[in-house]
Amino acid sequence: MTDEEKRAAYLEWINNETGHDYVDDDTLPVVIDLVLDKLMSMDGDEVNIKSKSQGGRSVTFEEGMPDKIIQMIHSVRKVKWE
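Residues numbered from 1 in each chain as written. Predicted model: local features only at pLDDT ≥ 70, side-chain atom pairs only at ≥ 80, totals over all residues. Heavy atoms only, no water.

(A) Inspection of the packing of helix 1 (residues 3-18) against helix 2 (residues 30-42) at higher detail. With their axes 10 Å apart at the nearest point, helix 1 and helix 2 run at an angle of 130° to one another. What the angle tells us is that helix 1 and helix 2 run oblique. For helix 1 against helix 2, the interelement crossing comes out right-handed. Residue-level contacts link Asp3, Lys6, Arg7, Tyr10, Leu11 and Ile14 of helix 1 to Ile32, Asp33, Val35, Leu36, Asp37, Leu39 and Met40 of helix 2. Residues belonging to the contact of helix 1 with helix 2 are distributed by class as follows: eight nonpolar, no polar and five charged. (Axes fitted to C-alpha atoms, helices over the stretch in contact; angles between N-to-C directions. Helix = DSSP H or I, 4+ residues; strand = E, 2+ residues; numbered from the N terminus. Parallel < 35°, antiparallel > 145°, perpendicular 65-115°, else oblique. Left-handed = near helix turned anticlockwise from the far one by under 90°. Contact = heavy atoms within 4.5 Å. Nonpolar A, V, L, I, M, F, W, Y, C, P; charged D, E, K, R; others polar.)

Next comes the structure, spelled out in structure tokens:
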């Protein structure tokens, strides 16, 4: 997967989470651009590792996106009325 495809996939996830239909161009809000940059820089890192132990080689992974990413997009979420 190329970096452009990854960025597009991350933007699609952001659109699903926020209820918006952002397009990756000059009209992209700064916070969303920052989130995309952060996700791209974290890609391939051990971002979802919750705990590690060296002796027993135990690793625990978190599910989904890291909390810091969720907090960053929280301010742009649309309100959903049920």
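This is not the end of the story, as more comes after the structure.
(B) Expanded view of helix 1. Compared with the 22 Å implied by 1.5 Å per residue over 16 residues, the 22 Å span of helix 1 between its first and last C-alpha is a close match. Within helix 1 the residues assigned to the buried category are Arg7, Tyr10, Leu11, Ile14, Asn15 and Thr18. On an axial view of helix 1, the arc spanned by its buried residues comes to 145°, and they lie on one face. Facing away from the buried side of helix 1, by more than 90 degrees, are the exposed residues Glu12 and Asn16. Buried residues in helix 1 make contact with helix 2 and helix 3 (67-73). In the stretch just after helix 1, Gly19 is the one whose phi turns positive, near 80°. (Expected span 1.5 Å × (residues − 1). Buried < 20%, exposed > 50% of the residue type's maximum accessible area, 1.4 Å probe, protein only. Arc of directions from axis to C-beta.)

On their own, these measurements won't tell you what the molecule is for.
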